[in-house]
Amino acid sequence: MPNTAITIILVSTLLHASWNLMVRRKRSEIQFVFRMLLAVVAIGLIPMVILEFFLAPLGARLWILSAISGIFCGLYFTGLAKGYENSDFTFIYPI
């Protein structure tokens, strides 16, 4: 496996674990998760808008799939926040 792939996997793992720990530490899960969802939208939407208007149009199908993906991401974050509010991190996170 190339070193770049290993690095990306390790960084992704660290980021994923760290944001889950931050959610639990803040004790205001819904607010933190809402902010996290806004950050994910901004990080994903900005490159798409740049591609759409400055480089090459992405097409309607990709925009629709991205919107559907965003809805499911929002549902995941909301469910995770509700789970963290109602139970212990060590029980909810592995589920």
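Residues numbered from 1 in each chain as written. Predicted model: local features only at pLDDT ≥ 70, side-chain atom pairs only at ≥ 80, totals over all residues. Heavy atoms only, no water.

Caption draft 1: Representation of the overall build of the protein chain in the model. A tally of regular secondary structure across the protein chain gives four helices and zero strands. Counting from the amino terminus, the protein chain carries its helices and strands in the arrangement α-α-α-α. Counting over 95 residues, the protein chain shows a buried share of 17%. A separation of at least 24 residues holds for 57% of the contacts in the protein chain among residues at least 6 apart in sequence. Split by element, the accessible area of the protein chain, about 7200 Å² in all, is 74% carbon and sulfur. (Helix = DSSP H or I, 4+ residues; strand = E, 2+ residues; numbered from the N terminus. Buried < 20%, exposed > 50% of the residue type's maximum accessible area, 1.4 Å probe, protein only. Contact = heavy atoms within 4.5 Å. Areas by Shrake-Rupley, 256 points an atom, 1.4 Å probe, with all protein chains shown as cover.)

Caption draft 2: Inspection of helix 2 (residues 29–55) at higher detail. A rise of 1.5 Å per residue sets the reference length of helix 2, with its 27 residues, at 39 Å; its end C-alpha atoms lie 38 Å apart and thus fit the reference within 8%. Every buried residue belonging to helix 2 is among Glu 29, Phe 32, Val 33 and Met 48, and all of these are buried. (Expected span 1.5 Å × (residues − 1).)

Caption draft 3: Looking closely at the packing of helix 2 against helix 3 (residues 60–86). Between helix 2 and helix 3, the least distance of the axes is 9 Å, while the angle of their chain directions is 165°. With respect to their mutual orientation, helix 2 and helix 3 come out roughly antiparallel. Classified by chirality, the crossing of helix 3 by helix 2 is right-handed. Counting all contacts with helix 2, which are made through Glu 29, Ile 30, Val 33, Met 36, Leu 37, Val 40, Leu 45, Met 48, Val 49 and Glu 52, the residues of helix 3 involved are Leu 62, Trp 63, Ser 66, Cys 73, Gly 74, Phe 77, Thr 78, Ala 81, Lys 82, Tyr 84 and Glu 85. Class assignment of the residues belonging to the contact of helix 2 with helix 3 gives a composition of 14 nonpolar, three polar and four charged. (Axes fitted to C-alpha atoms, helices over the stretch in contact; angles between N-to-C directions. Parallel < 35°, antiparallel > 145°, perpendicular 65-115°, else oblique. Left-handed = near helix turned anticlockwise from the far one by under 90°. Nonpolar A, V, L, I, M, F, W, Y, C, P; charged D, E, K, R; others polar.)

As far as function goes, none of this settles anything; it's purely spatial.
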